[in-house]
Amino acid sequence: EADIYQTPRYLVIGTGKKITLECSQTMGHDKMYWYQQDPGMELHLIHYSYGVNSTEKGDLSSESTVSRIRTEHFPLTLESARPSHTSQYLCASSEYGPKRAGGELFFGEGSRLTVL
Amino acid sequence: GEDVEQSLFLSVREGDSSVINCTYTDSSSTYLYWYKQEPGAGLQLLTYIFSNMDMKQDQRLTVLLNKKDKHLSLRIADTQTGDSAIYFCAVHSGGSQGNLIFGKGTKLSVKP
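How each quantity is defined
In every chain, residue numbers begin from 1 and rise along the written sequence. Working convention: letters from A go to chains and numbers from 1 go to ligands, in the order in which they are written. Side-chain atom pairs in this predicted model are given and counted only at pLDDT of 80 or more, local residue features only at pLDDT of at least 70, and totals for whole chains, interfaces and linings cover all residues. Side-chain figures throughout are based on the complete set of non-hydrogen atoms in the structure, without hydrogens or water. Pairing of aromatic side chains requires ring centres within 6.5 Å, counting the rings of Phe and Tyr and the six-membered ring of Trp. Pairs whose planes differ by under 30 degrees are stacked, by over 60 edge-to-face, and all others tilted. The helix and strand labels rest on DSSP assignments: H or I over at least four residues marks a helix, E over at least two residues marks a strand, and numbering proceeds from the N terminus. For each residue, the accessible area found with a 1.4 Å probe, counting protein chains only, is set against the maximum for its type, and the residue is called buried under 20%, exposed over 50%, and partly exposed in between. In plain words, nonpolar cores are sets of buried Ala, Val, Leu, Ile, Met, Phe, Trp, Tyr and Cys residues tied together by side-chain atoms within 4.5 Å. Here, any two strands with at least 2 DSSP bridges between them count as paired. Axis lines are fitted through C-alpha atoms, for helices just across the contact stretch, and the angle between N-to-C directions can take any value from 0 to 180 degrees. In this analysis, two residues are considered to be in contact whenever any of their non-hydrogen atoms come within 4.5 Å of each other. Accessible surface is computed with a 1.4 Å probe, and the buried area is the amount of it that two parts give up when combined, taken over both parts together. Whenever a carboxyl oxygen of Asp or Glu lies within 4 Å of a side-chain nitrogen of Lys or Arg, that contact is scored as a salt bridge. As used in this structure description, the phrase polar contact means that two N or O atoms lie within 3.5 Å; if the pair is within protein, one of them must be able to donate a hydrogen and the other to accept it, and residues adjacent in sequence are counted only when both atoms belong to side chains.

Trainee: Can you explain the packing of aromatic side chains? Please cite residues and give values.
Mentor: Evaluation of the coordinates by the stated rule reveals 12 aromatic pairs over all chains. Ring geometry for Tyr31 of chain B versus Phe50 of chain B: centroids 4.9 Å apart, planes at 40 degrees, classification tilted. Residue Tyr31 of chain B is located in strand β4 (residues 31-37), and its partner Phe50 of chain B is located in strand β5 (residues 43-50); the two are separated by 19 residues in the primary sequence. Given a relative accessible area of 10%, Tyr31 of chain B falls into the buried group. Connected via pairs of aromatic rings, a cluster forms that spans Tyr33, Tyr35 and Phe107 of chain A together with Tyr31, Tyr33, Tyr35, Tyr48, Phe50, Phe88 and Phe102 of chain B.

Trainee: Could you give me a rundown of the nonpolar core, with the residues and numbers involved?
Mentor: Residues and elements named next belong to chain B. Of all hydrophobic cores here, the largest spans 21 residues; its most connected members are Val4, Leu32, Trp34, Leu72, Leu74 and Tyr87. Those elements giving two or more residues to this core turn out to be β3 (18-24), β4, β7 (61-66), β8 (71-76), β9 (85-92) and β11 (106-111). Element by element, the count of residues in this core is highest for β9, at four residues.

Trainee: Account for the sheet that holds β3 of chain B, with residues named and values stated.
Mentor: Residues and elements named next belong to chain B. The antiparallel open sheet is built from five strands, whose spatial order is β1-β3-β8-β7-β6. If you trace the sheet from one side to the other, it starts and ends with β1 (4-6) and β6 (55-58), each paired once. Across the sheet, the axes of successive neighbouring strands diverge by a mean angle of 15 degrees, strand direction being ignored. Where β6 and β7 come together, four bridges link them in antiparallel fashion. The partner of Met55 across the bridge, within β7, is Leu64.

Trainee: Just give me the short version of the interface of chain A and chain B, but keep the residues and values in it.
Mentor: Taken together, the contact between chain A and chain B spans 26 residues of the former and 27 residues of the latter. Here chain A meets chain B over a buried area of about 2100 Å², counting both sides, of which 56% is carbon and sulfur. Three residues stand out in chain A for area buried against chain B, namely Met41, Pro98 and Lys99 of chain A, and they jointly supply 33% of the buried area on that side. On inspection of chain A and its partner chain B, the count reaches one salt bridge. Notably, a salt bridge pairs Glu42 of chain A with Lys104 of chain B, separated by 4.0 Å at the nearest N-O pair. Scanning the region where chain A abuts chain B turns up five residue pairs in polar contact (both at pLDDT 80 or more). Of all the elements in the fold, those that place two or more residues in the side of chain A that touches chain B are β4 (31-37), β5 (43-51) and β9 (87-94) of chain A.

Trainee: Run through the sheet that holds strand β1 (residues 4-7) of chain A, naming residues and quoting values.
Mentor: Residues and elements named next belong to chain A. Taking strand neighbours across the sheet as the criterion, the four strands line up as β1-β3-β8-β7 in an open arrangement whose pairing is antiparallel. Edge positions in the sheet fall to β1 and β7 (65-66), since each of these pairs with one other strand and no more. Direction of pairing for strand β3 (residues 19-25) relative to strand β8 (residues 76-78): antiparallel, over a ladder of three bridges. From the neighbouring strand, Thr20 faces β8, where its bridge partner is Thr77.

Trainee: Before we move on, could you go through the pattern of salt bridges and cite the residues and values that matter?
Mentor: Close approach of charged atoms lets side chains of opposite charge pair. All names here are of chain A. Inspection of every chain in the model, using the stated rule, returns eight salt bridges over all chains. For Glu79, the salt bridge goes to Lys18, with nearest N and O atoms at 3.9 Å. Here Lys18 lies in the loop between β2 (10-13) and β3 and Glu79 lies in the loop between β8 and β9, a separation of 61 residues in the sequence. Taking relative accessible area as the criterion, Lys18 reaches 54% and is therefore assigned exposed. The salt bridge involving Glu72 is made with Arg70; its shortest N-O contact spans 3.1 Å. Overall, the relative accessible area of 32% leaves Glu72 in the partly exposed class. For Arg70, a relative accessible area of 43% puts it in the partly exposed group.

Encoded structure:
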C-alpha cells in the first residue's frame, strides 16, 4: 500500500480565496507530481519536482504554484481561486521515474476542489 | 508532443473478457503502463510492459504491445464486477527523466 497522503479530500470554497492542497509521502521519493483531472477523466500534468528546491511546470498551464522545501512534502497553492479551478487534483510520487524499471507512480487519493 | 488515445467506454458481462485498447504517437517510451482508478480514489498501477516485449501475462491480465503500430492493449479475462473502474494507458515523454502522459481513460462497466 502506497504511503502518500493528500488533504483535504474535499473542499468547497468561494471565489477569490487562497487555498493550499497538501501532499505528503513517507517513502523518501525524490520525484513528485501534481496532476489535474477533468470531470471527463483526463489527467494533465501541472507541476513536478525531482527533488528539494526543484520545481517545474507541467504540460498544462496552471495558475497554481508549488514548493518543495522538504523531500516528503509537495504542497500546491492557488492564490485566488476561481470556478475554472474546480477539478480533482492528484498528487503522485516515484522513486526512479517512469523511464526506469520500478519507476511506477504512487498516487494519493486526490483532493476534489469546488470553487463557487 | 506525445498523444495517447483510448476509447472512453466499454461495457461487458460478468465472466466475459474485456479488451481495452490504446494508441500512442511517440515510440521512444521504454515502459508502457496501465493504471486503474476506482471511484473516489487515486490511480493504482495495474501492470506495465517493457518496450522490447510483445506480451506480458499476470494472472487474469494480458498486455499486448505492437510497437510497429504503436498499439497497446489490456485484456482482462473472466471480468468481475469488481473490475468496474477507469483504466488509463500511460507512456512516458522524451527527455532524460520522462514524465508520464496519460490517455483519457476507458470506463469499464461490468454487468452481472
